[in-house]
Amino acid sequence: MAGGRTERGSRRRTHAASAVVPFPRGEAGRRPDLAPFVPSGRSLLLGFGLVAGALAAFWGVRASSVFAIERVDVQGAPPAVAREVETLLTDNVGRSLLAVEAREIEDTVRALPSVAGVSVDRSFPHTLVIKVAVEKAVAVVRRGGSAWLVTGSGKVIREIQVGTERVLPRLWLTRDIAVRVGALLPPGLTPAARALAVVGEVRLPGRVKTVRSSAGQLTLILRRGPEVRLGSPTDLLLKLAVAALVFPLLEDGAAYVDVSVPERPVASTYLNS
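Since the model is a prediction, treat every value here as computed from it, not as a measurement.

Participant: Give me the layout of surface pockets: which residues, what numbers.
Facilitator: Roughly 330 Å³ of volume is contained in the largest pocket. In terms of lining residues, the largest pocket is bounded by 15 residues, among which Val 138, Pro 169, Leu 196, Val 199 and Gly 200 are the most central. Looking at the lining of the largest pocket, the elements that each hand over two or more residues are strand S4 (137–143) and helix H5 (190–199). Tallying contributions element by element places H5 first for the lining of the largest pocket, with 3 residues. Of the residues contributing to the lining of the largest pocket, the split by class is 11 nonpolar, 2 polar and 2 charged.

Pasting the structure below:
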């Protein structure tokens, strides 16, 4: 029985836990008056008026010369590229900073071959700020009396004056090969450009003068020291890292280091070996 009483008591407590709380009503069973919580027509009219006034003020300032662009400030780019960007955005001088479409300007500037990335900012009251990330040149392509800068992907950045950018390696083209700014080099030259991009990640004992490509085999010609035979344009970083380790072990007069098979580097004093 004790067990029965416990069970009945448990059931009774369970029923007691469920209850319906009626919504409070006002006097005489009426619902409470919510009018004090609802904004009046006058308040709504005033609120809409303030919003409309703010919008009108914004569009008025946007169309006025209060924030007219007087200067385009190009940041992060060398002088030549900065001048290109400034010239490209000349038409924006005089426009309001509030009327500038950042995405439109970014797309326009990014179309320049020398630009890898761009962002637009506003410096009130009168300056349009353009932050530019430029393409990195790894070589100078030479063809006759013309020269161009190219990236590690083989993209032609811009034409330059012959004899400038002397620090960069040279890639020599025959006169029948067309070169166009903004386009890629012919597929046969792309591996050479890619190898020169990787060279910047290792420390060789001398600067690279040029890259020789023959039958799909790459060879770095240094300004001083032995040439580096890379073989096929694969595992370039590994091959160059091995070459950098081998160089201090070479005897004077070494003609080349062959790292085409990086697990078995070979050095020789004879170029025809």
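We are not done yet, so read on.
Participant: Could you give an account of helix H3 (residues 79–88), naming the residues involved and the relevant values?
Facilitator: Among the residues of H3, those classed as buried are Val 81, Ala 82 and Val 85. All buried residues of H3 lie within an arc of 100° about the axis, which places them on one face of the element. The exposed set on the far side of H3, more than 90 degrees from its buried face, consists of Pro 79, Arg 83 and Thr 87. Looking at the buried positions of H3, the neighbouring elements they touch are strand S1 (71–75), helix H4 (102–110), strand S2 (115–123), strand S3 (127–134) and strand S6 (156–160).

Participant: Describe the environment of Arg 223, listing the residues and the values that go with them.
Facilitator: Within the secondary structure, Arg 223 is located in the loop between strand S9 (217–222) and strand S10 (227–231). Linking Arg 223 and Pro 169, residues 54 residues apart in sequence, is a C-alpha distance of 9.4 Å. In this structure Arg 223 touches Arg 166, Val 167, Leu 168, Arg 207, Val 208 and Lys 209, once residues within four positions along its chain are discounted.

Participant: Give a description of the pattern of salt bridges that names residues and reports values.
Facilitator: The tally for this structure, following the rule as stated, stands at 5 salt bridges. One salt bridge in this structure joins Arg 229 and Glu 227, with 3.1 Å as the shortest N-O distance. Here Arg 229 falls in the buried class, since its relative accessible area comes to 16%. The structure contains a network of salt bridges with shared partners spanning Arg 212, Glu 227 and Arg 229.

Participant: Go over unusual backbone geometry, please, and point to the residues and values.
Facilitator: At the junction of Phe 124 and Pro 125, the peptide bond is cis and its omega measures out at 15° in the coordinates. Considering the arrangement of structural elements, one finds Pro 125 in the loop between S2 and S3. Located in the positive-phi region is Glu 165, a residue other than glycine, with phi close to 55°. The backbone of Asp 235 sits at a positive phi, close to 50°, despite the residue not being glycine. Structurally, Asp 235 can be placed in the loop between S10 and helix H6 (236–246).

Participant: So, the pairing of strand S5 (residues 146–151): which residues are in play, and what are the values?
Facilitator: For S5, a buried count of 5 out of 6 residues is recorded, marking the element as mostly surrounded by other parts of the structure. The pairing of S4 with S5 spans 6 bridges and is classified as antiparallel. Within S5, the position partnered with Ala 139 by the bridge is Val 150. Where S4 folds back on S5, the antiparallel hairpin that results is connected by 2 residues, among which Gly 144 adopts a positive phi of roughly 60°. As paired elements, S5 and S6 share 4 bridges and run antiparallel to each other. Bridged to Leu 149 within S6 is Arg 158. Hairpin connection of S5 to S6: 4 residues between the antiparallel strands, including Gly 154 at a positive phi of 90°.

Parameters at a glance
Residues numbered from 1 in each chain as written. Predicted model: local features only at pLDDT ≥ 70, side-chain atom pairs only at ≥ 80, totals over all residues. Heavy atoms only, no water. 1 Å grid on protein atoms, 1.4 Å probe; cavity = no way out; pocket = protein on both sides within 12 Å on 5 of 7 lines; lining within 4 Å. Points joined across faces, edges and corners; volume = space filled by probe spheres on them. Helix = DSSP H or I, 4+ residues; strand = E, 2+ residues; numbered from the N terminus. Nonpolar A, V, L, I, M, F, W, Y, C, P; charged D, E, K, R; others polar. Buried < 20%, exposed > 50% of the residue type's maximum accessible area, 1.4 Å probe, protein only. Arc of directions from axis to C-beta. Contact = heavy atoms within 4.5 Å. Salt bridge = Lys/Arg side-chain N within 4 Å of Asp/Glu carboxyl O. Pairing = 2+ DSSP bridges.

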